[in-house]
Amino acid sequence: MTSPERPGSPLAGQGRSIADEAEGFLLVNAEREQAQYEAETLCARLPWLTTGQAEDLTRHYVDQRLGLTRQALQAIADRAKRLRGEYETRYATLRRTLLKRYAAGVTVLLACAFGATCLALTTR
């Protein structure tokens, strides 16, 4: 039976996807808890707020903070995607150049070998 840990198994991608989702959930939850803590700290420094006002301010703060975090992460993901495209293009160009140089080198080597063989045969 195929083990889920093996890279070639059908479940390997699914396991990674589940792990990525779990990691994302934990990161969002940690960000939400941090925003909640910051909002509560802010409200504690404003003793004149009523309970309802403090709850409303906390909710708005957490929502805004999560929105800003989402925007920042989206900008990072977009930039990473653009960089990946640029790097893949550059890699393909370098690979083509290397292949051309390798082919030219092999051609020169074969031409030299052929020339040396012809010279050796004609000098006998």
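See above for the structure.
So, a few notes on the structure that sits alongside this text. Values in this document were obtained by computation on a predicted structure and should not be read as measured data. (Residues numbered from 1 in each chain as written. Predicted model: local features only at pLDDT ≥ 70, side-chain atom pairs only at ≥ 80, totals over all residues. Heavy atoms only, no water.)

## Side note on the overall build of the protein
Using the following cut-off: Secondary structure is summarised from DSSP: a helix means a run of H or I of at least four residues, a strand means a run of E of at least two, and numbering begins at the N terminus for each. Only protein chains enter the accessibility calculation, which uses a 1.4 Å probe. A residue is then buried if its area is under 20% of the maximum for its type, exposed if over 50%, and partly exposed in between.
Counting its secondary structure elements, the protein contains two helices and zero strands. Looking at the protein residue by residue over its 124 residues, the buried ones come to 7%.

## Some points on the side chain of Thr-58
Quick note on the threshold: The contact criterion used is simple: two residues touch if any of their non-hydrogen atoms lie within 4.5 Å.
Structurally, Thr-58 can be placed in helix α2 (residues 51-122). Among the residues examined, Thr-58 registers a relative accessible area of 9% and is labelled buried. Leave out the neighbours within four places in its chain, and Thr-58 touches Gln-36, Ala-39 and Cys-43.

## Topic: the pattern of salt bridges
We count it as follows: Whenever Lys or Arg places a side-chain nitrogen within 4 Å of a carboxyl oxygen from Asp or Glu, that contact is recorded as a salt bridge.
Under the defined criterion, the tally for this structure stands at four salt bridges. The shortest N-O distance in the salt bridge between Arg-65 and Glu-31 comes to 2.9 Å. Placement of Arg-65 in helix α2 and of Glu-31 in helix α1 (residues 10-44) is noted, with a sequence separation of 34 residues between them. Between Arg-59 and Asp-56 there is a salt bridge, with the nearest N and O atoms lying 2.5 Å from each other. Linking Arg-59 with Asp-56, this pair stays in helix α2, spanning three residues, or about one helical turn. Since its relative accessible area comes to 45%, Arg-59 is described here as partly exposed. Since its relative accessible area comes to 33%, Asp-56 is described here as partly exposed. Members of the salt-bridge network, linked through shared partners, are Glu-31, Glu-38 and Arg-65.

## Side note on a nonpolar patch on the surface
Defined as follows: For patch building, the residue pool is restricted to those with more than 30% relative accessible area and no salt bridge; the joining distance is 9 Å between like charges and 5 Å between nonpolar side chains (Val, Leu, Ile, Met, Phe, Trp, Tyr). Surface accessibility follows the Shrake-Rupley procedure with a 1.4 Å probe radius. Residue values consider only the protein chains on display as shielding.
Where nonpolar side chains cluster on the molecular surface, the patch consists of Leu-99, Tyr-102, Val-106 and Leu-110 and spans about 440 Å² of accessible area. Taking relative accessible area as the criterion, Leu-110 reaches 58% and is therefore assigned exposed.

## Focus on α2
Under the convention used in this document: The span one expects for a helix is its residue count, reduced by one, times 1.5 Å.
Relative to the 106 Å expected for 72 residues at 1.5 Å per residue, α2 spans 104 Å between its end C-alpha atoms, a close match to the ideal helical length. Considered for burial, the residues of α2 that qualify are Ala-54, Thr-58, Val-62, Arg-65 and Leu-66.

## Here's the deal with the side chain of Arg-65
In this structure Arg-65 comes out as buried when scored by relative accessible area, which is 19%. What Arg-65 contacts, discounting residues up to four positions off in sequence, is Glu-31, Gln-34, Ala-35 and Glu-38.

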